[in-house]
Amino acid sequence: MKSVRIIIKTLFFTFLIACIGLFSMIFYLGSLVNSEYKIKKGDELNIGTSVPMTVEYNGTKLSNALSNDSIGDTFDVDLKMFGVIPFSTVNVEVVDEMYVAVLGNPFGMKLYTEGVLVIDMTEVDSENGNVNPAKEAGIKKGDYIVSANGTMIYTNEDLAAIVESSGGEKIDFVVQRGNKKRKFSFSAVKSKETGDYRIGLWIRDSTAGIGTLTFYSPATGIVCGLGHGICDDETGTLFSLNSGQMVSSQIVSVAKGSTGSPGELKGRFTYDTIADISLNCENGVYGKLKGKIDVSNLTEIALKQEVKDGEAQILCTIDGEKPKLYSCTVKKRSSAYLSDTQNLTVTVTDEELIKATGGIVQGMSGSPIVQNGKLIGAVTHVLIDDPTMGYGIFAENMLKEAQYAAEEDKLKDAS
């Protein structure tokens, strides 16, 4: 009887361990697949995992190319581990081959905020001691002041003029905080030191910097760069864009990166307009091309599942205006399909680039990454602990954002 109980317990724990292992495998596979895939007409859907799986559509195994589907068609397919255990359903879209002009040139950017950004608070030395009217009323660091007394605020000077002319009377403010607008009413106080009226805020209305252009999409008319959004240094928030420009730039020197200290490409604007920036988002900056770009030699964008761990090349400019290819290796991150931005780990292996820059430096963000003749992504960040390493974004994600930017531009032109 005792031996029977031991056998039952052994079977139970074996079953339990098997179930835990199975669910762990399902969870692991779920992190390796994307919820959406694009395939080119006539191609098979290749998920690209090491675990055997089958793809089924309406209960039928897909073993052949999807040659009967037309460009633009979408459908849901089921993924089964070992051909038996279902673990995910993904959406598939049939697309045409996607070609862009790969760039790698440096560019300058100037962005102006939608309203003025509150970057810090400061006390005002009034007759009644040190006070901060804005903070006491509920204004916070990271807020955007978009209007005061019904007048739209575009610059620091706009806000300063309204505060000074108030004479200490109450001012009605409209503030953008996240996705919501809020109203605040409070009075400015006079500074004992200067005699000016103040509300206790440090604000910013613009920013500028150097980056690298990734590609121009002839199908959308959009040029893009950076691969990550422009955030305010003080608040860490994404810069709320009112207007901006991409202009041509030259790299004049390099501050070499080292462990614990990121390097930097130093450049100067040459002020030939490339594009008006219409979108600043997590995936970079995007704008409708105004200058000229050679489209005689286009490069195909690789789909996410086509990107392989291994050797690749970075196209970037570290002197003047002409880009050059440098060797690197790439590896898909375990969270590659769970993020729109940091999809790849990039390691610089090119001795010439390491000698000149230390690896990846600020200003190289947006540098195209090419593998097997296709554009697979762009450099986005450097790792502070090892400047030879950084992160990259899938080119497919940037193209999707370029298509969105083009649609938004059309809506603005129509309105």
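Analysis parameters
Residues numbered from 1 in each chain as written. Predicted model: local features only at pLDDT ≥ 70, side-chain atom pairs only at ≥ 80, totals over all residues. Heavy atoms only, no water. Salt bridge = Lys/Arg side-chain N within 4 Å of Asp/Glu carboxyl O. Helix = DSSP H or I, 4+ residues; strand = E, 2+ residues; numbered from the N terminus. Buried < 20%, exposed > 50% of the residue type's maximum accessible area, 1.4 Å probe, protein only. Patch = residues over 30% accessible without salt bridge, like charges linked within 9 Å, V, L, I, M, F, W, Y side chains within 5 Å. Areas by Shrake-Rupley, 256 points an atom, 1.4 Å probe, with all protein chains shown as cover. Phe/Tyr/Trp six-rings, centres within 6.5 Å; stacked < 30°, edge-to-face > 60°. Core = buried A, V, L, I, M, F, W, Y, C linked by side-chain atoms within 4.5 Å. Contact = heavy atoms within 4.5 Å.

Undergrad: Looking at this structure, I do not really get the pattern of salt bridges. What am I missing?
TA: One side chain can pair with another of opposite charge once the charged atoms of both are near each other. Per the stated rule, a full pass over the model turns up six salt bridges. The shortest N-O distance in the salt bridge between Glu300 and Lys374 comes to 4.0 Å. Residue Glu300 is located in strand β21 (residues 299–300), and its partner Lys374 is located in strand β26 (residues 374–383); the two are separated by 74 residues in the primary sequence. Looking at Glu300, the relative accessible area reads 10%, which means it is buried. Among the ionic pairs, Glu306 bridges to Lys374, the shortest N-O distance being 3.3 Å. Residue Glu306 is located in the loop between β21 and β22 (310–316), and its partner Lys374 is located in strand β26; the two are separated by 68 residues in the primary sequence. Residue class for Glu306 comes out partly exposed when judged on its relative accessible area of 25%. The class for Lys374 is partly exposed, based on a relative accessible area of 22%. Overlapping salt bridges, with partners in common, bring together Glu300, Glu306 and Lys374 in one network.

Undergrad: Explain a nonpolar patch on the surface here, please?
TA: Where nonpolar side chains cluster on the molecular surface, the patch consists of Tyr99, Val295 and Leu298 and spans about 230 Å² of accessible area. Relative to the helices and strands, Tyr99 resides in strand β6 (residues 99–102). By relative accessible area, which is 36% here, Tyr99 ends up partly exposed.

Undergrad: What am I meant to see in the packing of aromatic side chains here?
TA: Ring pairs (aromatic) are described by centroid distance and by the angle formed between their planes. Counting across every chain of the model gives one aromatic pair. A centroid spacing of 4.7 Å and a plane angle of 20° characterise the contact between Phe173 and Phe186, whose relative ring orientation is stacked. Of this pair, Phe173 sits in strand β12 (residues 170–177) while Phe186 sits in strand β13 (residues 180–187), and the two are 13 residues apart along the sequence. When sorted by exposure, Phe173 lands in the same class as Phe186, which is buried.

Undergrad: Got a minute to help me understand the nonpolar core in this structure?
TA: Core analysis: the largest hydrophobic core is formed by 29 residues, its most contacted members being Ile314, Cys316, Cys328, Val330, Leu353, Met364 and Ile369. Contributing elements (two or more residues each) for this core: β18 (241–255), β19 (264–281), β22, β23 (324–332), β24 (344–348) and β26. The contact partners of Cys316, leaving out residues within four places of it in the chain, are Gly104, Pro323, Lys324, Tyr326, Leu353, Met364 and Ser367. Counting residues in hydrophobic clusters, the runner-up holds 22 residues, among them Met109, Tyr216, Val223 and Ile230.

Any functional reading would require information that these geometric values do not contain.
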